[in-house]
Amino acid sequence: MSDQATTDTPTTPPEEKNRNGRGGRYYSKLWFWILIAIVAGILLGLLAPGVARNTKWLADTFLQLIKVITGPVIFCTVVVGIASLGNLARAGGLALKALGYFVIATVVSLALGLLAANVVQPGAGFSAAPSAADLKQAQSQLSTGTRDSGLVDFITKDLLPSSFVQPFVTNQVLQVLVLAILTACAVSMLAPGPRERVVSTVDALSKIIFGIIKIIMWVAPLGAFGGMAYTVAIFGGGALGSLAKLMLTFWLTCAIFVFGVLGAVAAWSRFSIFKFIRLIKDELLIIVGTSSSETVLPRLLAKLEAAGASRQTVGVVIPTGYSFNLDGTCIYLTLGALFILQAGGEQIGIAAQIGLLLLMVLTSKGAAGITGAGLVTLAASLQAFGGEFFTPEAVAVGIALIVGIDRVMSEGRALTNCIGNGVATMVIARLQGERDEERFQAVLDDPSLVDEAMSRLARVS
């Protein structure tokens, strides 16, 4: 199979399109059933909260199923993508472009969070005290987040695995990526004959894994239903009023980043951010239900390749982005840090804020795309920054203030992270000259075209 999904030009049969405009019957689409599940979860959470509190296991089970195949799908995709090039210099150029883009996006999103916190002042006049339960959970987050945040610690603990199988067992995306890159480099150095045989074998394995993903996606609506029902049951319809200003500020800032910053980047790369969001609406609805961008990582890999990006670009940018390009998490970190200060009646100067931003450029890279990781990263960042205002006691109280609404904010983080990595992939693919423009524009105009292409990715050519 070619390194691009664009060798096939799948089309939806005319009779299917005529049944409901474009793309066939709406009730045959994943997004429809996920949307139904989310609405049902909200109703159950409001009408029968006692029952809804016991549905979280559905979301957890779905996330667990996704975690089973996340490591293997990243490994296979990266190995095939890089090794099929047979050119390590070209792969290195792709990696450098991706990392450069990620650093710029990280700084912009962190700065946007600081700007929003200074303009809106969401913590000013905050008088609510954290509950004993929230304080206890905050202490747990602090103990989880307690670790050195330096470069050496990041390399030895987050970047490099301790064995070949350990990253797959513990589902460490960044470490799996390192192993995949090393393996791909080794395969690239083989003679053409053996290299092609290895690539073909790994490619066939990846198709089996994508077949498993298709099966798992049948239970995605159940995961969305359980996650949404539990969230509404825990927080209720009006229990979040005291922290509504912070949540509203965060969501609006994420929207400004997506439609303003990413919209401008997309326009520069000659595509519409609105059409792109429509293209990945299935994945975004899954995130809304599960509050985790990790649940859609394997499916996003397949969809962006089917939409016209080369396999090597998708295979490098998406997995790397899940550790290095967490735009929503970056907005949350700086906004949350200043909210905690403002809630305690404190302020810090611009110079200190810039120092905090620079620290978080590094610490944000340790935040995985799973629910709650942003809160742990925020706790670790504030502890590392220290100072007279971010004392251990102040950090514990501050984390306790927002721990109750973290799941609601986690959805905003995950949605922004997903969109940001998707846009980055298509932009970098164009910079590499590895984006099929005709195919991509056709898919943006008619997202149903990508469904058959994704099915073909799961079959051996």
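Within every chain, residues take consecutive numbers counted from 1 along the sequence as written. Residues qualify for local features only when their pLDDT is at least 70, as the model is predicted, and side-chain atom pairs are given and counted only at 80 or more; totals for whole chains, interfaces and linings, by contrast, use all residues. Hydrogens are left out, water is left out, and the side-chain values use all remaining heavy atoms of the structure.

This next bit is on unusual backbone geometry. With phi around 55 degrees, Q121 is a residue other than glycine that occupies positive phi space. We count a stretch as a helix when DSSP gives it H or I for four or more residues in a row; a strand needs E for two or more, and each element gets its number in order from the N terminus. Along the chain, Q121 falls in the loop between α5 (88-120) and α6 (132-145). Its identity is not glycine, yet R270 carries a phi of approximately 70 degrees, on the positive side. Relative to the helices and strands, R270 resides in the loop between α12 (244-268) and α13 (273-279).

To qualify as a nonpolar core, a set must consist of buried Ala, Val, Leu, Ile, Met, Phe, Trp, Tyr and Cys residues joined through side-chain atoms within 4.5 Å. Buried residues are those whose accessible area, probed at 1.4 Å on protein chains only, stays under 20% of the maximum for their type, while exposed residues exceed 50% and partly exposed ones sit between those limits. Counting residues in hydrophobic clusters, the biggest one holds 115 residues, and the most contacted among them are Y101, F271, F276, L378, I419 and V423. Counting residues per element, this core draws most heavily on helix α4 (residues 56-83), which supplies 13 residues. It only takes one pair of heavy atoms within 4.5 Å for two residues to be counted as in contact. Excluding residues within four positions of it along the chain, F271 makes contact with A266, F276, V423, M426, V427, R435, F440, Q441 and L444.

A separate point is the confidence of the model for the protein chain. Interpretation of the predicted coordinates at a detailed level should be avoided for regions scoring low in pLDDT. pLDDT expresses, on a scale from 0 to 100, how confident the predictor is about each individual residue. Summarising the model, the protein chain shows a mean pLDDT of 78, and 76% of its residues fall at 70 or more. Overall, residues 1-23 carries pLDDT values under 50, and its contacts beyond four positions in sequence, including any with other chains, amount to 50 contacts. Taken as a whole, residues 237-242 scores under 50 in pLDDT and shows six contacts with residues more than four places along the chain or in a different chain.

Multiplying 1.5 Å by the helix residue count minus one yields the expected span of that helix. Across its 25 residues, helix α10 (residues 192-216) extends 36 Å between first and last C-alpha, which sits within 8% of the 36 Å expected from 1.5 Å per residue. Where α10 is concerned, the buried positions are R195, V199, V202, D203, S206, K207, I209, F210, I213 and I216.

Let's shift gears to helix α22 (residues 437-445). Every buried residue of α22 is accounted for by R439, F440, V443 and L444. One side of α22 holds all its buried residues, which, seen down the axis, span an arc of 130 degrees. Its side-chain oxygen 3.3 Å from the backbone nitrogen of E438, D436 forms the N-cap of α22. Working note: the arc is built from the helix axis to C-beta atom directions. Between N or O atoms, a polar contact is any pair within 3.5 Å; within protein, one atom must be a potential hydrogen donor and the other a potential acceptor, and residues adjacent in sequence are included only when both atoms are from side chains.

Here we come to the packing of aromatic side chains. How two aromatic rings sit relative to each other is set out by the distance from centre to centre and by the angle between their planes. To pair, rings of Phe, Tyr and Trp, with the six-membered ring standing in for Trp, must have centres within 6.5 Å; the planes then decide the type, stacked if under 30 degrees apart, edge-to-face if over 60, and tilted in the middle. By the definition in use, this model includes nine aromatic pairs. Summarising the aromatic geometry, the rings of Y101 and F102 are spaced 6.3 Å apart at their centres and angled 80 degrees between planes, so their arrangement reads as edge-to-face. Exposure remark for Y101: the relative accessible area of 15% places this residue in the buried category. Between F271 and F276, the ring centres sit 5.7 Å apart and the planes meet at 50 degrees, which makes this aromatic pair tilted. Overall, the relative accessible area of 5% leaves F271 in the buried class. Aromatic ring contacts, followed pair by pair, group F75, F164 and F168 into a single cluster. In this structure, K56 packs its charged tip against the face of Y230, placed 5.7 Å from the ring centre. The rule for a charge over a ring is simple: NZ of Lys or CZ of Arg within 6 Å of the ring centre, and within 35 degrees of the ring normal.

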